[in-house]
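Descriptive structure summary
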Amino acid sequence: MNAKLPSRLSQRPYLGDIMVPERNSFGVLRCLMASLVLISHSYLFYSGTSAAEPLTSITGWSLGEHAVQVFFFLSGLLVAQSFDRSRSVLDFAVARILRIFPGLVVCVLLTALILGAVMSTLGPAQYYLSAGLPAYIVKTLSLSTGSAPLPGVFENLPLGNRVNTSLWTLKYEVICYIALALAGAMGLFRSGWKGAAILGFAIAMLAVFVTPPVNADDYAFTDNLRYFVLFFGPGAAAYFVRDRLIISAWALIPLFALFVAALGTQLTELATALFLGYAALWAASKTFGPLRGACNRMDLSFGIYIYAGPIQQALIDTVPGIQPLGIAVAAFALAVPLAILSWVFVERPALGLRPKVRAFVTRQTGSRPVNLV
């Protein structure tokens, strides 16, 4: 395969050809998607309604929602690869926990203990003694909600009492991880089961459309879960067929036509997942100059995603007359340094603990990790 790789890459690469960081720009795309969420939320926080966000009136989803859709597709693809390369289900779980929770814990504590105290209308003593403070920390870190309020913080803003709305998607991300791990534990990553896995996914996707669509404003937990699985699932499926999936700009034409034709119908979500997912694969096959190397060295996407919301609300609360564009520019300028600090001092060191945790678990259990591949 290595001898044929240059010719394949010079023509139309297969997804399997670009699944190593040196040959893909997934890091660039993740940072771009986090930035688009930031831009979109600048309109949401400014107006207090998602109707003001870019693209909502055209596609029914905001720019930020489309960015999150791409996030979940890429997550399905890359997390499936992570599971495939893990030594055991426990090893995979450790990797996922170390990727999300250290950075999240630091962000939540900084927001609650420092930013909240500064922005609250309550005095310091009243703020720190309020039952709402530990409630925010527990609810947010348990991923039970991304809408927990802090006492006296952002109460009178257009999107009042919302501290960090972006965090609400993390619960569904983790659920998708668990579902993938269960599927892997049942052997669906073994070569003989790949066909069954793809068939099972196709049946599950068809089952989604048995019931009529629900208005997004009325989504319950199960509706949200179905929605996110519709984007995470195709990403995981793409990994299964990576050695047969050709990446070509020409394929975007019929997928875009399907996307446009399906708008407002029961097939909207699936058509969107297929078009945006494949468009992400095509974009990831491009080099993006020095950005690829920079994003491979520092993955700032998670930091931008989790820090932007509180910064944007604080800007609206403290800078009179600031407009959405100004909110976006200022928030980006503040979120990127925080994301760099988070990556350098929290996220990357946490990821470096994986071998040590793996060795510790092996010593405690007295057994060798099980190879899942």
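Scoring rules and cut-offs
- Residues numbered from 1 in each chain as written.
- Predicted model: local features only at pLDDT ≥ 70, side-chain atom pairs only at ≥ 80, totals over all residues.
- Heavy atoms only, no water.
- Helix = DSSP H or I, 4+ residues; strand = E, 2+ residues; numbered from the N terminus.
- Contact = heavy atoms within 4.5 Å.
- Areas by Shrake-Rupley, 256 points an atom, 1.4 Å probe, with all protein chains shown as cover.
- Expected span 1.5 Å × (residues − 1).
- Buried < 20%, exposed > 50% of the residue type's maximum accessible area, 1.4 Å probe, protein only.
- Axes fitted to C-alpha atoms, helices over the stretch in contact; angles between N-to-C directions.
- Parallel < 35°, antiparallel > 145°, perpendicular 65-115°, else oblique.
- Left-handed = near helix turned anticlockwise from the far one by under 90°.
- Nonpolar A, V, L, I, M, F, W, Y, C, P; charged D, E, K, R; others polar.
- pLDDT = per-residue confidence, 0-100.
- Salt bridge = Lys/Arg side-chain N within 4 Å of Asp/Glu carboxyl O.
- Patch = residues over 30% accessible without salt bridge, like charges linked within 9 Å, V, L, I, M, F, W, Y side chains within 5 Å.
- Phe/Tyr/Trp six-rings, centres within 6.5 Å; stacked < 30°, edge-to-face > 60°.

Side note on the overall build of the protein
In terms of regular secondary structure, the protein is built from 16 helices and zero strands. Contacts in the protein between residues at least 24 apart in sequence constitute 76% of all its contacts with a sequence separation of at least 6. On the protein, roughly 17,700 Å² of surface is accessible, and the fraction owed to carbon and sulfur atoms is 68%.

Observations regarding helix H4 (residues 63–85)
Relative to the 33 Å expected for 23 residues at 1.5 Å per residue, H4 spans 33 Å between its end C-alpha atoms, a close match to the ideal helical length. H4 sits mainly inside the fold: 20 of its 23 residues count as buried.

Describing the packing of helix H5 (residues 89–119) against helix H7 (residues 132–141)
Here H5 crosses H7 at 160°, and the two axes come no closer than 10 Å. Viewed along their axes, H5 and H7 adopt a mutual orientation that is roughly antiparallel. Judged by the sense of rotation from one axis to the other, the crossing of H5 with H7 is right-handed. The residues of H7 that touch H5, namely those facing Phe101, Leu104, Val105, Val108, Leu109, Thr111, Ala112 and Leu113, are Leu133, Tyr136, Ile137, Thr140 and Leu141. Partitioning the contact of H5 with H7 into residue classes produces eleven nonpolar, two polar and no charged.

Section: the packing of helix H2 (residues 26–47) against helix H14 (residues 301–318)
Taken N-terminus to C-terminus, the directions of H2 and H14 make an angle of 20°; their axes are 9 Å apart at the nearest point. Looking at the two axes, H2 sits roughly parallel to H14. Crossing of H2 against H14: the hand is right-handed. Residues Arg30, Cys31, Ala34, Ser35, Val37, Leu38, His41, Ser42, Phe45 and Tyr46 of H2 form the contact with H14, whose participating residues are Ser301, Ile304, Tyr305, Ala308, Gly309, Gln312, Gln313 and Ile316. By residue class, the composition of the contact of H2 with H14 is ten nonpolar, seven polar and one charged.

Digging into the confidence of the model for the protein
With 87% of its residues at a pLDDT of 70 or more, the protein shows a mean pLDDT of 89. Considering each helix and strand of the protein separately, the mean pLDDT is smallest for helix H1 (residues 5–10), with a value of 47, and largest for H14, with 98. Within the model, pLDDT remains below 50 along residues 1–7, and this stretch shows four contacts once partners closer than five positions in the same chain are excluded. Per-residue pLDDT stays below 50 along residues 369–373; that stretch engages in 13 contacts with residues further than four places along the chain or on separate chains.

Points about the pattern of salt bridges
Inspection of every chain in the model, using the stated rule, returns six salt bridges. A salt bridge links aspartate 91 to arginine 354; the nearest nitrogen and oxygen atoms lie 3.0 Å apart. One end of the pair, aspartate 91, is in helix H5; the other, arginine 354, is in helix H16 (residues 354–365), and 263 residues separate them in sequence. The same class applies to aspartate 91 as to arginine 354, namely buried. A salt bridge links arginine 226 to glutamate 269, with the shortest nitrogen-to-oxygen separation between them at 2.5 Å. Here the residue arginine 226 occupies a position in helix H10 (residues 221–240), and glutamate 269 occupies one in helix H12 (residues 268–284), the gap between them amounting to 43 residues. Overall, glutamate 269 belongs to the buried group, its relative accessible area being 9%. It is possible to trace a salt-bridge network through shared partners that takes in Arg30, Arg99, Asp299 and Glu347.

Here we look at a nonpolar patch on the surface
On the surface, Val105, Val106, Leu109, Leu110, Leu113, Ile114, Val118 and Tyr128 cluster together into a nonpolar patch covering about 640 Å² of accessible area. Broken down by element, the nonpolar patch gets its largest block of residues, seven residues, from H5. With respect to the element layout, valine 118 can be found in helix H5. Take valine 118: its relative accessible area is 63%, and that puts it in the exposed class.

Remarks on unusual backbone geometry
A positive phi angle, close to 55°, is found at phenylalanine 154, a residue other than glycine. Tracing the backbone through its elements, the reader meets phenylalanine 154 in the loop between H7 and helix H8 (170–185). According to the relative accessible area criterion, phenylalanine 154 is buried, its value standing at 2%. Positioned with a positive phi, asparagine 161 is a non-glycine residue whose angle comes to about 65°. The topology assignment puts asparagine 161 in the loop between H7 and H8.

Notes on the packing of aromatic side chains
Tallied over the entire structure, the rule returns 15 aromatic pairs. Arranged with centres 5.7 Å apart and planes meeting at 75°, the rings of phenylalanine 71 and tyrosine 305 form a pair that is edge-to-face. Placement of the pair is phenylalanine 71 in helix H4 and tyrosine 305 in helix H14, with a sequence separation of 234 residues. Pair check on accessibility: phenylalanine 71 and tyrosine 305 agree, each one buried. Pairing phenylalanine 259 with phenylalanine 275 gives two aromatic rings, centres 5.3 Å apart and planes at 20°, and the pair type is stacked. Placement of phenylalanine 259 in helix H11 (residues 252–262) and of phenylalanine 275 in helix H12 is noted, with a sequence separation of 16 residues between them. The exposure classification of phenylalanine 259 matches that of phenylalanine 275, with both residues buried.

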